Amino acid sequence: MVINKKIKRAMFESKAQYIGSLLLIIISSLLFTMLNQVAVNMKDILNDFQKNYVQEDANFIADKKITDTSMLESKFNMLIEENRVADYQVEEGKVIRVFSQNTKINLPAVIKGSNLTGNDILLDPEFAKANNIKLGDSYKVFDKMFRVSGFMSLPNYIYPIKNEGDLVNNPKSFGIAVIGKDDFKNLNKGNFVYSIKFRNEANLQNQISQFKNYLKDEKVVIIKWSNINENPRVIYVSAKVQSIDSISATLPTAIFLLTCILTGIVMWRMLKRESIIIGTLYALGYKKREIMLHYLSYPMIIAVLGGLLGTILGAVTIKPMIDFMIQYFNMPVNSISFNPVYAVLSVVLPVFFLGASGLFVVNKALKSSPVELMKGGKDSGKVGIIERNLKLERLNFNTKFKVREQLRSIPRISFLLLGVILATVLLLYGFCTKSSMDKLMKDAYEKTFMYKYEYLMNSLQKDIPNGAEAFTVSPFTVKSDDKMVFNIYGVNPATKYLNLEDKSGKRLDSKGVIITRPLADKLNIAANDVITVINKLDSREYKITVDSIAETYVGQNIYMPLDKLNELLKYPKGSYIGLWSNEKINISENLILSASTIDDLKKSFDTMTKPLQSMIGVLSFMSFLIGLIIIFVVTSLIIEENKENISLMKVFGYKRKELNSLILNSSTIIVIIGYIVGIPVMFGSLKALFNSITKDLNFAFPISISYAYLIAGFVVIYLAYEISKSVSRRKISKISMSEALKASME
């Protein structure tokens, strides 16, 4: 059609608005492509790793060696493999966990280098990188030198944390290694751990229960049992992929909707401005469908171009993002796939969203008759209900002008408000996560846990070393939900290493049964409630009355007196499985299952905050960019809509500073309101995200943010506002006084 020749000219006349829409579409398509493709690839990488390298269904430690494994494999239709593991302290604060090489379950996946041939060792690649260890180097373990033949991954140690209760890993201070079975035997160190894998995956929990009952009948006492779906070294990966899935659906959609509002505003302005032209086209014989297709071309060009560019950029970022993820989740990456469905959706979604928005606006505008359009279109001339009830007559001219400027374009206000809210939520996500982690670590390691060293034994003990305090811990699940796993601790009633407080900050009496807040919330438990629990080690059922709730966010735990738990589990009186102390204790390595210090956890946290700071920087830049685009586009709209007014004010003698204040500062209150509203929106969305991620984990996040971060967030948003105003001042200065004369002549 001939009228389509004006598309290019019209878009260049309002290039600020169209470029803003284009950039928003590019950002949303980029995020949609990148996040979805990364999530799909991470799921495939995880599934292939678990399947190809025979990930265990469970592992356990028993009080005696199991000899006839072949009979057990036949009886229960499963694989069972005896593995040996030992922690070697390389130096103070640095530990490497050494495993014997498996041949049936949890096979090591060699990522780089070659497999074991004898007198050599496979290392966790991130531990090697953090400690500057290269292939071919010699590495000492328990006074014996091994050659580093390769770097590997283990399917039961995908997220290599030292203890199951740890939140973060620190490859500089902890890593994993594999050596041959004969080499491990010659070391004469470590504990026996048994891994099991059922050949039939149906009714897995029932098969596990039958196997545990058999061991109990054979007088085999299980010291520790861990199902793979309860292992944080594996489920943390699934939780991360799930969070990417959640963000990939919500964030791009929010930006798409913002772009729809922006495109709708721009289209409405254009149709209103060109109503006479549209009426003339009707009179010349153009049909409504032809005119509609012409005006729909504007959003379609933006949607297709933005979608294609965003999809291409998103595809480029897939490999760097997966490489970044693999730094934390130790898995072999054989190949990276590109799902064409998400590539197509990345282009189709903006076309759909902007097409629907454009169709709605154009259809509404073209409902007027050709005569009405040639007269300039329908104009009700009505003042909005909000403006009518504000009593603006009492205000001075400048204030009245600013208020009316906002109230007479509700879609524009809505777009600006929603844009600032989105930018605020994005910006404060990173700040709030960092602040919440700070609070979590402070609550755990400065307020709740008062010990420096924790030792877990590989069997029940009775003699307590001087300066140490004994405890017992055992895993449980609730009868109503066998997926809800938590620990019950038996502690000294007069413990000095555990500080549990109620809401008022008063220390709780450890002589009673205390449940932590995360577990109480998940089980919907209040003080004095009775819960039915099942021990994961012996499958027995117990009833426990909860006396009080501890306001700590670390761990899904129940605490009770040590003697009471021993009596409950029928352990010998005075026995224990772990020790807390403030001084290092000299214990035989053959008795220790694991040892950790609070300093290790603090170092891990410090290590984790470094990538978190990078995430905060990326989110800050993205929110700044989105805020800048949206505020600049709205400011450009205000200037174009007030072009005649600005020209007339110049005729009346208004100075540049006064004009800038009237036109550019009218949106200040909307920006401030958007930031304030964005704070509770961020809290609500982050709480929902954290709850979905941690529902299967043994901790909860306290959602909090410091005032310093709130102030920093506002500075970033307001800086974007000031920069957009600074750029827009030039547009105001270019408007000549003749614009007012042209308008009066028309």
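Check the entry above for the structure.
Residues numbered from 1 in each chain as written. Predicted model: local features only at pLDDT ≥ 70, side-chain atom pairs only at ≥ 80, totals over all residues. Heavy atoms only, no water.

Draft legend 1. Region of interest: the packing of aromatic side chains. Following the criterion strictly, the structure yields 26 aromatic pairs and no others. Between Phe76 and Tyr214, the ring centres sit 5.5 Å apart and the planes meet at 70 degrees, which makes this aromatic pair edge-to-face. Separated by 138 residues along the polypeptide, Phe76 in helix α3 (residues 69–76) and Tyr214 in helix α6 (residues 204–217) bring together distant segments of the chain. Measuring from ring centre to ring centre gives 5.7 Å for Phe352 and Phe353, while their planes differ by 70 degrees; the resulting arrangement is edge-to-face. Residue Phe352 is classed as exposed on the basis of its relative accessible area, which comes to 56%. Residue Phe353 is classed as buried on the basis of its relative accessible area of 19%. Members of the aromatic cluster, connected to one another through ring pairs, are Phe60, Phe76, Tyr194, Phe211, Tyr214 and Trp225. Between Lys75 and the ring centre of Phe76, over which it is positioned, the NZ or CZ distance is 5.9 Å. (Phe/Tyr/Trp six-rings, centres within 6.5 Å; stacked < 30°, edge-to-face > 60°. Helix = DSSP H or I, 4+ residues; strand = E, 2+ residues; numbered from the N terminus. Buried < 20%, exposed > 50% of the residue type's maximum accessible area, 1.4 Å probe, protein only. Lys NZ or Arg CZ within 6 Å of the ring centre and 35° of its normal.)

Draft legend 2. Broad picture of the pattern of salt bridges. Under the defined criterion, the tally for this structure stands at 14 salt bridges. The partner of Lys144 in a salt bridge is Asp183, and the shortest N-O contact between them spans 3.7 Å. Residue Lys144 is located in strand β7 (residues 144–153), and its partner Asp183 is located in helix α5 (residues 181–187); the two are separated by 39 residues in the primary sequence. Given a relative accessible area of 10%, Asp183 falls into the buried group. (Salt bridge = Lys/Arg side-chain N within 4 Å of Asp/Glu carboxyl O.)

Draft legend 3. Representation of the pairing of strand β13 (residues 481–491). As paired strands, strand β12 (residues 468–478) and β13 are joined by eight bridges and run antiparallel to one another. Residue pairing in the sheet places Thr472 in a bridge with Gly490 of β13. Linking two consecutive strands that pair antiparallel, namely β12 and β13, is a turn of two residues. Sheet topology places β13 next to strand β18 (residues 557–561); five bridges connect them, and they run parallel. Bridged to Ile488 within β18 is Ile558. (Pairing = 2+ DSSP bridges.)

Draft legend 4. Spatial organisation of empty space enclosed by the protein. Applying the stated rule across the entire model yields six cavities of 30 Å³ or more. Its boundaries defined by the atoms lining it, the second largest cavity holds a volume of some 50 Å³. Contributing to the lining of the second largest cavity are Val221, Ile222, Ile223, Leu460, Thr472, Val473, Tyr571 and Ile577. Listed by contribution, the elements that provide at least two residues to the lining of the second largest cavity are β10 (222–227) and β12. Grouping the constituent residues of the lining of the second largest cavity by class yields seven nonpolar, one polar and no charged. (1 Å grid on protein atoms, 1.4 Å probe; cavity = no way out; pocket = protein on both sides within 12 Å on 5 of 7 lines; lining within 4 Å. Points joined across faces, edges and corners; volume = space filled by probe spheres on them. Nonpolar A, V, L, I, M, F, W, Y, C, P; charged D, E, K, R; others polar.)

Draft legend 5. Geometry of the packing of helix α19 (residues 656–664) against helix α21 (residues 707–734). Direction vectors running N to C along α19 and α21 enclose 125 degrees, while the axes themselves pass 10 Å from each other. Compared by their axis directions, α19 and α21 come out oblique. Crossing handedness for the pair α19 and α21: right-handed. On the side of α19, the interface is formed by Arg656, Leu659, Asn660, Ile663 and Leu664, while α21 contributes Tyr721, Lys725, Ser728, Arg729, Ile732 and Ser733. Per-class residue counts for the contact of α19 with α21 are five nonpolar, three polar and three charged. (Axes fitted to C-alpha atoms, helices over the stretch in contact; angles between N-to-C directions. Parallel < 35°, antiparallel > 145°, perpendicular 65-115°, else oblique. Left-handed = near helix turned anticlockwise from the far one by under 90°. Contact = heavy atoms within 4.5 Å.)

Draft legend 6. Summary view of the environment of Cys432. Note on placement: Cys432 falls in helix α14 (residues 410–448). Here the alpha-carbon distance between Cys432 and Met682, two residues 250 residues apart in the chain, equals 8.8 Å. Leaving out residues up to four positions away in the same chain, Cys432 has contacts with Met682, Phe683, Leu686, Ile703, Ser704 and Ile705.

Draft legend 7. Here's a closer look at the packing of helix α2 (residues 15–52) against helix α7 (residues 232–273). Relative orientation of the contacting elements α2 and α7 amounts to 160 degrees, with a least axis distance of 9 Å. Judged by the angle between their axes, α2 and α7 are roughly antiparallel. In the crossing of α2 with α7, the sense of the turn from one axis to the other is left-handed. Here the contact of α2 with α7 is composed, by residue class, of 23 nonpolar, eleven polar and three charged.

Draft legend 8. Here's a closer look at the side chain of Thr33. In this structure, Thr33 sits in helix α2. Using a relative accessible area of 0% as the deciding quantity, one classes Thr33 as buried. With residues up to four places along the chain from it excluded, the contact list for Thr33 reads Gly310, Thr311, Gly314, Ala315, Phe338 and Ser346.

Draft legend 9. Up close: the pairing of strand β20 (residues 592–597). Taking burial as the measure, the six residues of β20 include five buried ones, the bulk of the element. As paired strands, strand β11 (residues 453–461) and β20 are joined by five bridges and run antiparallel to one another. Bridging across to β20, Glu454 finds its partner in Ser596.

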